[in-house]
Amino acid sequence: MNNRILSLLSVMALAGSAAAEVAYELVPNFIQPPPGKETIGDGHGEIAVDSAGNIYVSVQEADAGIQVYGPDGKYVKTLKLPDSLHGFVVRKDDGSEYLFGAVLKEAKVIKAKLDGEIVMTIPTSAFPAEQRDFVNVTQAIEGEKDAKGRAKTKPIASGVKKSDNGKEIVLVLADGTEKVIPKEKGVSASGGLRLTNCDVAPNGDIYVVDGYGRSHIFVFSRDGKHKATFGGPGEPYKFANTHKVFIDRRFEPARVLCCDRGNKRMVHTDLDGKIIGVIATDMRNPSSASFHGDLVCVAEIAGRVSVWNKEGKMVAECGTNPETTNTPGIAPKDWQQGIVTSPHGITFDNDGNILETEWNKWGRVLKWKAKK
């Protein structure tokens, strides 16, 4: 099947009731990169739209942070925000619009004005020690390498790190006992928070997910005080790489939509963390989502953009790659018109069109216009 046919198929709505059918068409070369650049730059983040239609894209390069584009796709400016804003949203709070973002490298959350001024930070220290300081201690196996040439390791113990003085690591284990581990050759501890996304509930509470860590979801008050924690790898959630979470206001009361990427599914919980149900399974690794009316669009990093209705039925897909993808290394010369590589961030604009940003070292944004 040639690329032209694939492109046409990728924007067709799936079979469903006539009233529920939706369809999208590609808008080629919509984003115009900053002056002097052929592409936007290293993309491993998110995309969002404000009430005026301006587009915000996170870029992982020095002095980049967030690039801002007009509704027409033309570059406007760059906000000097942290360069590892892995997930962010633009939301109204107390009458004004703000950018709320999870800073991956620094394990913190920021709230910023749309001009880039940071007005609040939730630091690493605000997160509960049970998750913040949880580590896995391993020891390298001398002379053994994995398929990528890295030293193979064997597990020693997991728990909350109480101290590490350079000579020994003290862990508090699940049963409350302490374990002292000498820092012999090859012994190291890894873990801690790896925050990937946040969103804001109707009452101003901020929901943050440790998506590259142990997939816990933390709830903070509007002023940044910790209120609750739920989720994680244990029962009943069994979350795995829950990459991003969003407040689903299509329902009353609102819900939390969890892109549980490691389990290839989307899950709804209530705002207190109680599981409501699984929305979809057997997905291509859902990484991000956005809402418009009764629809939710989803960036699936293994090669698809999908659109789902409020009843949990997929009603359209865009840019579906015939191959399973999940790599940032596809160069511009190998990009195919209308075919995604590794969708990582996504948003509806104010008119219900879809904008998707990819996990790609060069940076790529695609737009699909809703057919009326």
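Quick summary incoming for the structure in this document. Going along each chain's sequence as written, the residues are numbered from 1 onward. Thresholds applied to this predicted model are a pLDDT of at least 70 for local features of residues and 80 or more for the giving and counting of side-chain atom pairs; totals over whole chains, interfaces and linings are not thresholded and use all residues. Computation of side-chain values covers all heavy atoms of the structure but excludes hydrogens and water.

### Digging into the packing of aromatic side chains
Here is step 1 of the chain: Think of it this way: a Phe, Tyr or Trp ring, Trp meaning its six-membered ring, pairs with another when their centres are within 6.5 Å, and the plane angle makes it stacked under 30 degrees, edge-to-face over 60, tilted otherwise. With the rule as written, the count across this model stands at 6 aromatic pairs.
Here is step 2 of the chain: Seen in terms of ring centroids, Phe-127 and Phe-220 are 4.8 Å apart; in terms of plane orientation they differ by 70°. Their pairing is edge-to-face. You can see Phe-127 sitting in the loop between strand S9 (118-122) and helix H2 (129-132) and its partner Phe-220 sitting in strand S17 (residues 216-220), a full 93 residues away along the chain.
Here is step 3 of the chain: Residue Phe-220 is classed as buried on the basis of its relative accessible area of 0%.
Here is step 4 of the chain: For the ring pair Phe-230 and Tyr-237, a centre distance of 6.2 Å and an interplane angle of 35° mean the geometry is tilted.
Here is step 5 of the chain: When a residue's accessible area, from a 1.4 Å probe over protein chains only, is under 20% of the maximum for its type it is buried; when over 50% it is exposed; and in between it is partly exposed. Look at Tyr-237 and you get buried, because its relative accessible area is 13%.
Here is step 6 of the chain: Feature note: the residues Phe-127, Phe-218 and Phe-220 constitute an aromatic cluster, connected by ring pairs. Comment: elements are numbered from the N terminus, with helices defined as DSSP H or I runs of at least four residues and strands as E runs of at least two.

### Concerning the sheet that holds S9
Here is step 1 of the chain: By definition, two strands form a pair when at least two bridges between them are found by DSSP. Ordered in space as S6-S7-S8-S9, the 4 strands form an open sheet in which the pairing is antiparallel. At either end of the open sheet lies a strand with only one pairing partner, and these are strand S6 (85-93) and S9. Each strand axis lies, on average, 20° off the axis of its neighbour in the sheet, ignoring direction.
Here is step 2 of the chain: Relative to strand S7 (residues 96-103), S6 is paired through 8 bridges, and the arrangement is antiparallel. Bridge pairing in S7 places Arg-91 opposite Tyr-98. Each axis is a line fitted through C-alpha atoms, taken for helices only over the stretch in contact, and angles between the N-to-C directions span 0 to 180 degrees.

### Thoughts on the layout of surface pockets
Taking a probe equal in size to a water molecule and rolling it over the atoms shows the remaining empty space.
Here is step 1 of the chain: Of the voids in this model, the largest pocket is the one considered here, and its volume is about 590 Å³.
Here is step 2 of the chain: The method works on a 1 Å grid over the protein atoms by themselves. A cavity is a set of points holding a 1.4 Å probe that cannot get out, a pocket is an open set with protein on both sides within 12 Å along at least five of seven lines, and residues with an atom within 4 Å of a point line them. Lining the largest pocket are 33 residues; nearest its centre among them are Val-49, Val-90, Arg-91, Ser-290 and Phe-291.
Here is step 3 of the chain: Three residue categories are used. Nonpolar comprises Ala, Val, Leu, Ile, Met, Phe, Trp, Tyr, Cys and Pro, charged comprises Asp, Glu, Lys and Arg, and polar comprises the others, including Gly. Here the residues of the lining of the largest pocket are counted per class, giving 15 nonpolar, 6 polar and 12 charged.
Here is step 4 of the chain: The computed volume of the second largest pocket comes to approximately 300 Å³.
Here is step 5 of the chain: Along its surface, the second largest pocket is lined by 14 residues, and Asn-29, Trp-335, Arg-364, Val-365 and Leu-366 are the ones closest to its centre.
Here is step 6 of the chain: Here the residues of the lining of the second largest pocket sort into 7 nonpolar, 5 polar and 2 charged. Grid points are joined across faces, edges and corners, and a volume is the space filled by probe spheres set on the points.

### Considerations on the pattern of salt bridges
Here is step 1 of the chain: Take a side-chain nitrogen of Lys or Arg and a carboxyl oxygen of Asp or Glu: if they are within 4 Å of each other, that pair is a salt bridge. As enumerated under the stated definition, the model contains 19 salt bridges in all.
Here is step 2 of the chain: In this structure, Lys-108 and Glu-106 form a salt bridge, with 2.8 Å as the shortest nitrogen-oxygen distance.
Here is step 3 of the chain: Lys-108 gets classed as buried once you look at its relative accessible area, which sits at 19%.
Here is step 4 of the chain: For Glu-106, a relative accessible area of 41% corresponds to the partly exposed category.
Here is step 5 of the chain: Among the ionic contacts, a cluster of salt bridges with common partners joins Asp-93, Lys-111 and Arg-222.

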